Amino acid sequence: MLPKELHEPLRAIRRHVDDYGLDPFEVIFEMLDYQKISEVAAFGGFPVRYPHWRFGMEYDRLTKSYEYGLHRIYEMVINNNPCYAYLLSSNHMVDQKTVIAHVYGHSDFFKNNLWFSKTNRKMVDEMANHAVHIRRHIDRYGQEEVESFLDMALSLENLIDPHSPFIVRERKQEKDDNEPREPEVRKIAAKKYMDRYINPKEFLQEQKQKLEEERKKAERFPAEPVRDILAFLMLHAPLKEWQQDVLSIVRSEAYYFAPQWQTKIMNEGWATYWHSKVMTERAMEASDLIHYAKAYAGVVATDGGRFNPYKMGVELFRHIEERWNKGRFGKEYDECDSMREKLNWDRELGLGQEKIFQVRQLYNDVTFIDEFLTPEFAAEQKLFVFAHNERHERWEILTREFEKIKQKLLYQLTNSGQPFIYVVDANFQNRSELLLWHRHEGIDLDTSYSRATLQNVMNIWKRPVNLLTTMQEKPMLLRFDQSGFSSSETRITSELVETTSAP
C-alpha cells in the first residue's frame, strides 16, 4: 500500500499523463523497503519465481551494493495487465513523483509498442504457475537433478528467434496420396528431328541433377535452418516429460523478456521523456527543483564515455520531435546542400508529438537507431567509437566518423550483440548427431562459451553436437562428444551453408 501523502500526487500525475495523450495499462503501485525491493529485483521484478541459486546470488549482490552505497533501485515495473510497479520507501518525495511518471511512460510503451504485442499480459500469474511446476518436479525427482537440468536450459535461453511470434513459418498443406515420383525435367516441345538441339542431353541431365538436389534438401531435417533451438530441442530431443516442461518454461520466459532487450533504448528513453515533461511542466513545485535536477543529471549521465540508454533514448526522441516540428525531413531537406540553411530550417509544421507517438508504436532499438540517428545528432551529442590501444595500453577514441558510430551501435544492438545460431541438420552424416551453424557476422565466437554451450546442448540431445563456424577466416567445425571438445578445419561449409540460407 502507498502512504497517504502519495495518493494525491499519484492521482494528479495520472491526470497529467492522460492529458498528454498517453494510454498506459492500469498501474498498481507497491511501497517496499530496500531488502524487499532487492528480493523482487532478484526475481526479475516478479514477486514469485521458481527456486534457483542464481536468484539468491543476485539478491546478495543487490543488497550489498545498496548497503555500500553503490546503487539504489528507484523503481521497477512489470509488463503485465495491470502493470505492477514497486517504489523504494526510503526515496525522497520528489523521487517518488518522478518514478510514478516514469512508470506510466513504461506502461504506455508496454501497451502500445508493436514488439510487446505478442507478450503474455498475465505473466505475473504465469510466473507463479511456473514456480509451482518446478517445485513439483523438485519434490518428485530431487533438487539436484532438476536444478542441474535447469542450469543447462538457462544457459541456452538466448537461443530463440525473437521474431518468430510475428511469423507464420509452417502452413497446412493439402494431403497428397500419390506416391513420390522421380524428379521429372520439363522439356520444351519440339519436332522429333529438332529435339536433340532444343533439349540437349547435357542440359536435361544438369536440370535433373538440380531437381534431385532440391529433393534431397527438402528431405533434410529440418528442411530449413531453425533459429529457435530451444523449441527444436523441446520437440525432438529424447527428453523426459518433466524435462520438456522445464525447457518449455525457460523458453516461455525467454520470449517474454525478449522485447525488453530489443527496445531497451526506446523504452527507457520514452519513460524518461515523459517523466521529464510531466515534472517540469506540471507536477514539480519550486522547492523540488534542485533535488529533481540532481536526480535527472544522474539518470542521463555519461561519465567516462559509457553508453547510457536513458540518455540516448530521450535525446533521440527529442531530436525526432524537433525535426518533425520544423519540417527537417523529406526530399527537399535531404537534398539541401547549404549547412547554414539546414541549421535555420523551420517550416513550423508542429508534427513532432504525432511523430514520436508513431515511432513509439512501430520501432525497436535497431530500426530506431537505423532510421533516426543523423550526423547532426551524432555531432550534437558528441558520439564517438573508442577502442583499446595495445601500444599505449589505454582506451582511446578511435573515430568520430558518423557511419562508423552508427555501424558500431547497430552491431551491438542486433540480436543484443549475440551470435546467430541455427539448427541445420538433426541427422548429421547419418549418425543422429546435431549440426548447428553460426552465421558469421565479422566476429569469431568465444571458444570458452562455445565449448560450454555445445556441452549443454549435447547433454540435452544425448548425441554429439557439431557447430559450423568461421575462425580467423577459416571454416571450422567445433564438436562436443563423449570424449570432450574438439575443433578442426572443415570443407563441408560450402556444401551445407550454400544450400541453407538463413530465413
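Description of the structure in this document.

About the criteria used
- Residues numbered from 1 in each chain as written.
- Predicted model: local features only at pLDDT ≥ 70, side-chain atom pairs only at ≥ 80, totals over all residues.
- Heavy atoms only, no water.
- Pairing = 2+ DSSP bridges.
- Helix = DSSP H or I, 4+ residues; strand = E, 2+ residues; numbered from the N terminus.
- Axes fitted to C-alpha atoms, helices over the stretch in contact; angles between N-to-C directions.
- Contact = heavy atoms within 4.5 Å.
- Parallel < 35°, antiparallel > 145°, perpendicular 65-115°, else oblique.
- Nonpolar A, V, L, I, M, F, W, Y, C, P; charged D, E, K, R; others polar.

1. Section: the sheet that holds strand 1 (residues 27-32)
One open sheet holds the 3 strands; their spatial order is 1-3-2, and the pairing between them is mixed. Two strands bound the open sheet, and with one partner strand each, they are strand 1 and strand 2 (75-78). Shown here is a sheet whose adjacent strand axes are inclined to one another by a mean of 20°, direction ignored. When strand 1 meets strand 3 (residues 83-88), the two strands line up parallel, connected through 6 bridges.

2. Thoughts on the sheet that holds strand 10 (residues 484-489)
Ordered by their spatial adjacency, 5 strands build an open sheet running 6-7-8-9-10, and the pairing between neighbours is mixed. If you trace the sheet from one side to the other, it starts and ends with strand 6 (420-428) and strand 10, each paired once. The sheet shows a mean angle of 25° between the axes of neighbouring strands, taken without regard to direction. Sheet topology places strand 6 next to strand 7 (residues 433-439); 6 bridges connect them, and they run antiparallel. Across the sheet, I421 pairs through a bridge with H438, a residue of strand 7. The sheet contacts of helix 9 (residues 229-236) involve strand 6 and strand 7, and relative to strand 6 the element is tilted by about 25°. In this fold helix 20 (residues 447-461) packs onto strand 6, strand 7, strand 8 (465-471), strand 9 (474-481) and strand 10, with an angle of close to 45° to the strand it touches most, strand 9.

3. A few points about the packing of helix 9 against helix 20
Where helix 9 meets helix 20, the axes come as close as 10 Å, and the angle between the chain directions of the two elements is 25°. With respect to helix 20, the element helix 9 is oriented roughly parallel. Note on element contacts: helix 20 touches helix 9 through V457, I460 and W461, opposite F232, L233 and H236. A per-class count over the contact of helix 9 with helix 20 returns 5 nonpolar, 1 polar and no charged.

The quantities given are spatial measurements derived from coordinates; they are silent on function.
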